[in-house]
Amino acid sequence: MTTMRIGTFEGVGGPPPRQRPGLNRLVGAALIVLSLEATLACCFVFTTWLPTDRTLYR
């Protein structure tokens, strides 16, 4: 089943979407920073927090 949209300007012959390189770079940088924060949190948990708790409960 096909659906037709009425009143749209973009399509086969429509204008290309606007490019936003600044926004794309900002979002990419934010994703990299978040992944680095998650990596550092995991390293801290597995190297400091878990061994300390293991010795505490032993």
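Please refer to the structure placed before this passage.
Small disclaimer: the values here were computed from a predicted structure and weren't measured.

Cut-offs and rules
- Residues numbered from 1 in each chain as written.
- Predicted model: local features only at pLDDT ≥ 70, side-chain atom pairs only at ≥ 80, totals over all residues.
- Heavy atoms only, no water.
- Helix = DSSP H or I, 4+ residues; strand = E, 2+ residues; numbered from the N terminus.
- Buried < 20%, exposed > 50% of the residue type's maximum accessible area, 1.4 Å probe, protein only.
- Areas by Shrake-Rupley, 256 points an atom, 1.4 Å probe, with all protein chains shown as cover.
- Disulfide = S-S within 2.5 Å.
- Expected span 1.5 Å × (residues − 1).
- Bend = angle between axes of the 7 residues up to and from the residue.

1. A closer look at the overall build of the chain
Step number 1: When helices and strands are tallied, the chain shows 1 helix and 0 strands.
Step number 2: Counting all 58 residues of the chain, 0% fall into the buried class.
Step number 3: Counting every atom, the chain has about 6000 Å² of accessible surface; 67% of that belongs to carbon and sulfur.

2. Here we look at the state of the cysteines
Step number 1: In total, this model carries 0 disulfides according to the counting rule given.
Step number 2: Cys-43 supplies the cysteine sulfur nearest to Cys-42, a cysteine that is in no disulfide, at a spacing of 7.1 Å.

3. A few points about helix α1 (residues 21–57)
Step number 1: The end-to-end C-alpha separation of α1 is 52 Å, in line with the 54 Å expected for 37 residues at 1.5 Å each.
Step number 2: Remark: the principal bend of α1, roughly 40°, maps to Val-45.

Everything listed is a geometric property; what it means functionally is a separate question.
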